[in-house]
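What follows is the residue order along each chain.
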Amino acid sequence: MKFAPVEGAAPLFTPAFVDYLVDLHDGFTSRIGELLAWRAEALARAHTAGVLPAHPAASAATTGDWSVPPVPADLQKAGIEISGPCSITSMFINALNPGPEGERAEGDLDDDEDSGGHRLVDTVRAAHNRVAAVQRELYYVDTERKKEYRLADGELPFFMHRERGIHLVEPEVTVDGTPVNAALLGTALTLFHAGRAQAERGQGIYFYLPKLEFAPEARLYRDVFDRSRERLPWLRTATIRAIVLVEALPCVYAMEEMLHELGPYAAGLNAARWDLKASIFEYVMADAKSVWPDRFGVDIKTTPFLSNIFRRLVAISLKRSAVPIGGMATALPNPDPEVNRAAGEAIRADKEWEARQGFIRAWVAHIFHMKTAATPFKQLIGSGWRPTAAMARPENYPVRIDVPEGPITLDGTRRNCRMVIEYVEGWLNGRGAKGIDSLEGKPGVHPALMEDLATGRMSVAQIAQRIRHHVRTTEGPGPAHDFALVKRLLGEELNDIVARRPADPAVQERYRKSAKIAMRWIKNYVDLDFRSLASYTRGDLEKIAAASDAF
């Protein structure tokens, strides 16, 4: 095995760890390739024959009388989990500490996936930070801002580890010249290092499993966990549990099967909103009859077919004694109290709706709104309210994929363009999550939102869908979407952004590169190439930024 000599890698890649990782690589890489081929075939059927995913045939997973193993008390807590990149030490410490009202989150989603930087150095930092957090030794000094970050006294939130998905590899770690799968690498690092620290303290080791599409992928994780128990003595009696992120269209049809395949490791299901919408876009991209309105107005609460998907998720969780976890509140604090008030009201209404559907927790992106997001779950469940019997019947919530109602506007496309430019700029700066106000400079009350890779993916998908089908707006006479129109919007938004930012040549150059990369990303999607931004090395992105415009 070879790994790039990034800072902090050598202490993690011990001979014992390398032997364990090579064993996982040898045992599962070929199988992951088969699973990814299955995904590609399903997507191709949707594009060439209009055949969308569907429910698997009836099986013991759907007809049998079974439940997931008893869920640990940690994971049954009502309230909120805070999410963010654990590779950025200051953000990780803030997430683990109390919010402005003195309360901690129930859980921490220490993320190396959609909000992570997707470089080996990020994965290495995340691994070190996880161990330090478990040992309560996490500490950071920001020398530029002259600020110290340390863990406050008191009980920490439980940890939910989210690694990268099986669709990605880590090119800076190879076995016989073959890159190691990113999911195997991240899971191995966590189980070997932070997992050992947690097992020694009697803590459960909990994972969110991202981007799963078909049930055999959940079985893969079960087998990886089994193999890891065999290889690592400290895991043999440890509690390892996983929650499936329902963020791909095929997974919507296979939620029960996912839990069944995870077997002794199954704990719950999570309603991932942004990635699910992006996945739907990708599956219907070739269908001119499936063009969505501006995505900003497509709310889970008021879009019946999306509401039903999440009610079905809750029903399956209740039926199988698993925990249902809701979606993300992404608003960031603002110096203007009115903006914070409006954001708080929106978050409260959203979480009240989720609580009434039977979710027990959800996610928040910043400690500022943590109590607001947690209270609806705590209050409703604390009142003695319980879901009705009807809410535990998945058949009451059939899956269908419709086209949401709403306007198609040029401003909607423009906001997507701005979002992608801003997001890629943050990516080039080593961050997978960034506060973005897509209405910056516009009148009205609109907080910046903490956006991650899912938002970039969704924004690109909607722009590409409109270009591919030459979509006209619902605002009256106007031009059809095409490459020239979108290029003009990207240019206008780039100029406006740069005019509002510091006159720092490095910052302005990153934004110019970001616009070039955005064009490449959009062009790929128009061509039905949904390659993840995370699959490009920073060197790849520099080459794209230096090349001719993609359109």
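About the thresholds
- Residues numbered from 1 in each chain as written.
- Predicted model: local features only at pLDDT ≥ 70, side-chain atom pairs only at ≥ 80, totals over all residues.
- Heavy atoms only, no water.
- Helix = DSSP H or I, 4+ residues; strand = E, 2+ residues; numbered from the N terminus.
- Buried < 20%, exposed > 50% of the residue type's maximum accessible area, 1.4 Å probe, protein only.
- Lys, Arg positive; Asp, Glu negative; His and termini not counted.
- Salt bridge = Lys/Arg side-chain N within 4 Å of Asp/Glu carboxyl O.
- Polar contact = N/O pair within 3.5 Å; in protein donor to acceptor, adjacent residues only side chain to side chain.
- Contact = heavy atoms within 4.5 Å.
- Pairing = 2+ DSSP bridges.
- Axes fitted to C-alpha atoms, helices over the stretch in contact; angles between N-to-C directions.
- Phe/Tyr/Trp six-rings, centres within 6.5 Å; stacked < 30°, edge-to-face > 60°.
- Lys NZ or Arg CZ within 6 Å of the ring centre and 35° of its normal.
- Left-handed = near helix turned anticlockwise from the far one by under 90°.
- Nonpolar A, V, L, I, M, F, W, Y, C, P; charged D, E, K, R; others polar.
- 1 Å grid on protein atoms, 1.4 Å probe; cavity = no way out; pocket = protein on both sides within 12 Å on 5 of 7 lines; lining within 4 Å.
- Points joined across faces, edges and corners; volume = space filled by probe spheres on them.

Caption draft 1: Examining the side chain of R538 more closely. Secondary-structure assignment places R538 in helix α18 (residues 538-546). One buried charged side chain, R538, makes no salt bridge at all; its nearest oppositely charged neighbour is D122, positioned 5.0 Å away. Here G117 takes part through its backbone oxygen, which lies 3.0 Å from a polar atom of the side chain of R538. Within the local environment of R538, its side chain forms a polar contact with the backbone oxygen of W427, the two atoms lying 3.1 Å apart. Residues in contact with R538, not counting those within four places in the same chain, are G117, H118, R119, W427 and G430.

Caption draft 2: Spatial organisation of the pairing of strand β7 (residues 169-175). The pairing of strand β1 (residues 2-3) with β7 spans two bridges and is classified as antiparallel. Within β7, the residue paired with K2 across the bridge is T174. The sheet contact formed by β7 and strand β8 (residues 178-181) spans four bridges and is antiparallel. Looking at the pairing, V169 lines up with N181 of β8. Between β7 and β8, which follow one another and run antiparallel, lie two residues, and D176 among them has a positive phi close to 50°.

Caption draft 3: Representation of the sheet that holds β1 within the structure. Across the sheet, three strands lie side by side as β1-β7-β8; this open sheet has antiparallel pairing. At either margin of the open sheet sits one strand with a lone partner, and together these are β1 and β8. Packed on one face of the sheet, helix α2 (residues 15-49) meets β7 and β8 and runs near 90° to β8. Those strands touched by helix α6 (residues 182-200) are β7 and β8, and its axis lies near 55° from that of β8.

Caption draft 4: Summary view of the sheet that holds strand β11 (residues 266-271). Ordered by their spatial adjacency, eight strands build a closed barrel running β2-β3-β6-β9-β10-β11-β12-β13, and the pairing between neighbours is parallel. Neighbour-to-neighbour, the strand axes of this sheet turn through a mean angle of 30°, independent of strand direction. Pairing analysis gives five bridges linking strand β3 (residues 107-111) to strand β6 (residues 158-162), with the strands arranged parallel. Paired with D111 across the two strands is R162, which belongs to β6. Its contacts with the sheet place helix α11 (residues 304-319) against β10 (240-246), β11 and β12 (323-329), and it is angled at close to 165° to β11.

Caption draft 5: Region of interest: the environment of S535. Here S535 shows up in the loop between α17 (505-526) and α18. Sequence separation of S535 and R119 is 416 residues, and the distance between their C-alpha atoms is 9.9 Å. The residues contacting S535, other than those within four sequence positions of it, are L168 and D540. Looking at S535, its side chain comes within polar contact range of the side chain of R531, at 2.6 Å.

Caption draft 6: Structural detail: the packing of aromatic side chains. Applying the stated criterion across every chain yields a total of 18 aromatic pairs. Ring geometry for F158 against Y206: centres 6.1 Å apart, planes inclined by 85°, an arrangement best described as edge-to-face. Here F158, found in strand β6, pairs with Y206, found in strand β9 (residues 205-209); they are 48 residues apart in sequence, far enough to count as distant. On the accessibility criterion, Y206 (3% relative accessible area) is buried. Look at F207 and F225: their rings are 5.4 Å apart centre to centre, the planes differ by 35°, and that puts the pair in the tilted class. Of this pair, F207 sits in strand β9 while F225 sits in helix α7 (residues 215-231), and the two are 18 residues apart along the sequence. Classification of F207 as buried rests on a relative accessible area of 1%. Three or more aromatic residues joined by ring pairs make a cluster, and in this case those are F3, F13, F17, Y20, F192 and W234. A cation sits over an aromatic face here: R295 above F296, 4.3 Å from the ring centre. Above the face of the F296 ring, R415 is positioned so that its terminal group lies 3.7 Å from the ring centre.

Caption draft 7: The packing of helix α9 (residues 255-262) against α11, seen in detail. For the pair α9 and α11, interaxial distance at closest approach is 9 Å and the crossing angle is 35°. With respect to the hand of their crossing, α9 and α11 are arranged in right-handed fashion. Facing α9, whose interface residues are M255, E256 and L259, α11 presents I309, R312, L313, I316 and K319. Across the contact of α9 with α11, the residue classes tally to five nonpolar, no polar and three charged.

Caption draft 8: Fine view of empty space enclosed by the protein. What the rule picks out here adds up to four cavities of 30 Å³ or more. There is about 300 Å³ of room inside the largest cavity. Residue lining of the largest cavity: 26 residues in total, with R162, W274, M328, W363 and D452 positioned closest to the centre. Tallied by class, the residues present in the lining of the largest cavity amount to twelve nonpolar, six polar and eight charged. The space that makes up the second largest cavity amounts to roughly 70 Å³. G99, E103, R104, M370 and K371 are, among the 13 residues lining the second largest cavity, the residues nearest its centre. Per element, the largest residue contribution to the lining of the second largest cavity is four residues, and it comes from helix α13 (residues 370-382). The residue inventory of the lining of the second largest cavity, partitioned by class, reads five nonpolar, two polar and six charged.

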